[in-house]
Amino acid sequence: MPHSKQLLKEVISEGDIVVDATMGNGNDTIFLAQAVGPTGKVYAFDIQQQALEATQVRLGDLYSRTELILDSHTRIKDYVPEGITAAVFNLGFLPNQHETAVITQPDTTVQALEATLQVLKPGGMITIAVYDGHPGGVEEREAVLGFARKLHAKRYQVVRYEVVNQQNHPPFLLVIEKTSRPTT
Ligand code: SAH
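The following paragraphs examine the structure supplied in this document. Bear in mind the structure is a predicted one, so any value in this text is a computation, not a measurement.

**Things to note about the pattern of salt bridges**
- Under the definition given, this model contains seven salt bridges.
- For K41, the salt bridge identified is with E67, shortest N-O distance 3.8 Å. With K41 in strand 2 (residues 41-46) and E67 in strand 3 (residues 66-70), the pair connects residues that are 26 residues apart, well separated along the chain.
- Among the residues examined, K41 registers a relative accessible area of 22% and is labelled partly exposed.
- For R141, the salt bridge is made with E142, and the minimal N-O distance between the two is 2.8 Å.
- One salt-bridge network, in which partners are shared between bridges, spans D71, R75 and D78.

Structure representation (structure tokens):
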């Protein structure tokens with residue numbers, strides 16, 4: 001989602017460590033690799049080998065700034081050091097896959113979000129593109145919103161951005177920001 005890139009640019013600096021939790025066809029991985037510059041690192045996750053292959057090809061020279069990981073985003077803490085500046089979640093399934101699609105699931109998505117908050121720096125940001133038009137989409141949407149609503153209001157700010165004049169279930173964007181200096 002174009003808007004999420006603008007928001008992410010404001011928090012990501014050169015040399016940062018960031019995460020793409022749902023690599024897919026690699027669009028966000030490429031964007032993040034550009035944002036962190038030659039001294040930064042992007043950890044990108046997908047459970048489909050074809051996502052890693054497609055993303056590696058599309059990255060070209062940017063590949064050296066990335067770690068492409070064939071594993072669930074629930075295991076983020078096994079791979080990613082503490083102190084990341086940003087993480088991107090693009091939920092649902094790859095548009096070109098249809099019936100064979102591997103779809104993100106409510107439980108694992110929420111587990112991954114919890115784990116990501118634990119490694120997120122103060123001042124850091126998670127963006128989540130939420131799709132609710134596919135089977136299972138409403139359940140995942142509710143799980144993610146339920147998780148977000150329970151976050152401590154002084155430690156996290158959660159904002160929802162959505163298009164209001166489009167048909168056919170456009171995705172909406174949830175942005176979780178970790179407060180820089182929590183005031184208990
Ligand atoms: N809905 C978006 C694309 C989402 S792609 C759009 O229309 O543009 C979501 C990606 O998440 C897929 O490539 C899928 O393989 C991956 N995925 C699903 N479950 C995952 C998990 N547990 N860990 C990491 N990636 C996962």
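**Overview of the nonpolar core**
- If you look at the biggest cluster of nonpolar residues, it comprises 30 residues, and the most contacted ones within it are V19, F89, L117, I126, I128 and I176.
- Contributing elements (two or more residues each) for this core: strand 2, strand 4 (84-90), helix 5 (106-119), strand 5 (120-130), helix 6 (137-149) and strand 7 (172-178).
- Examining the composition of this core, we find that six residues originate from one element, helix 5, more than from any other.
- Discounting chain neighbours no more than four positions away, the residues touching I176 are L117, G124, M125, I126, I128, F147, L151, Y156, Q157 and V158.

**Examining the site of the ligand**
- Lining the immediate environment of the ligand, one finds 18 residues, of which D46, Q48, S72, H73 and L91 sit closest.
- In the model, an oxygen atom of the ligand is placed 2.6 Å from a nitrogen or oxygen of the D46 side chain.
- Between L91 and the ligand, the recorded distance is 2.8 Å, taken from a backbone N or O atom to a nitrogen atom.
- In terms of residue class, the shell around the ligand is built from eight nonpolar, eight polar and two charged.

**A word on the environment of G146**
- Relative to the assigned elements, G146 resides in helix 6.
- In this structure the C-alpha to C-alpha distance between G146 and V130, which are 16 residues apart in sequence, comes to 13 Å.

**Notes on the packing of helix 2 (residues 27-36) against helix 3 (residues 49-59)**
- Viewed as axis vectors pointing N to C, helix 2 and helix 3 meet at an angle of 40°, and their least axial separation amounts to 9 Å. Comparing the axis directions of helix 2 and helix 3 gives the class oblique. Pair helix 2 / helix 3 crosses with right-handed handedness. Seen from helix 2, the contacting residues are N27, T29, I30 and A33; seen from helix 3, they are T55, R58 and L59.
- Grouping the amino acids of the contact of helix 2 with helix 3 by side-chain chemistry returns three nonpolar, three polar and one charged.

Criteria and cut-off values
Numbers given for residues are sequential positions, taken from 1 along each chain in its written order. A pLDDT threshold of at least 70 governs which residues receive local features in this predicted model, and a stricter bar of 80 or more applies before side-chain atom pairs are shown or counted, although totals over entire chains, interfaces and linings include all residues. Calculated side-chain values reflect all of the structure's heavy atoms, with hydrogen atoms and water omitted. Salt bridges are counted wherever a side-chain nitrogen of Lys or Arg sits within 4 Å of a carboxyl oxygen of Asp or Glu. Per the convention used, a helix needs a DSSP run of H or I reaching at least four residues, while a strand needs a run of E reaching at least two, with both numbered from the N terminus. Only protein chains enter the calculation, and the probe is 1.4 Å; a residue is then buried if its accessible area is under 20% of its type maximum, exposed if over 50%, and partly exposed in between. Buried residues of nine kinds, namely Ala, Val, Leu, Ile, Met, Phe, Trp, Tyr and Cys, make up a nonpolar core once their side-chain atoms join them within 4.5 Å. Any two residues whose heavy atoms approach within 4.5 Å at even a single point are treated as in contact. Residues are counted as near a molecule or strand when any one of their heavy atoms sits within 4 Å of it. What qualifies as a polar contact is a pair of N or O atoms within 3.5 Å, subject to a donor-acceptor requirement within protein and to the restriction that residues adjacent in sequence count only when both atoms come from side chains. Residues are grouped as follows: nonpolar covers Ala, Val, Leu, Ile, Met, Phe, Trp, Tyr, Cys and Pro; charged covers Asp, Glu, Lys and Arg; every other residue, Gly included, is treated as polar. All axes here are fitted lines through C-alpha atoms, helices being fitted over the stretch that makes contact, and every angle between N-to-C directions spans 0 to 180 degrees. Our angle categories are set so that under 35 degrees counts as roughly parallel, over 145 as roughly antiparallel, 65 to 115 as roughly perpendicular, and the remainder as oblique. By convention the crossing between two helices is left-handed if the near helix lies anticlockwise of the far one by an angle smaller than a right angle, and right-handed if it lies clockwise.

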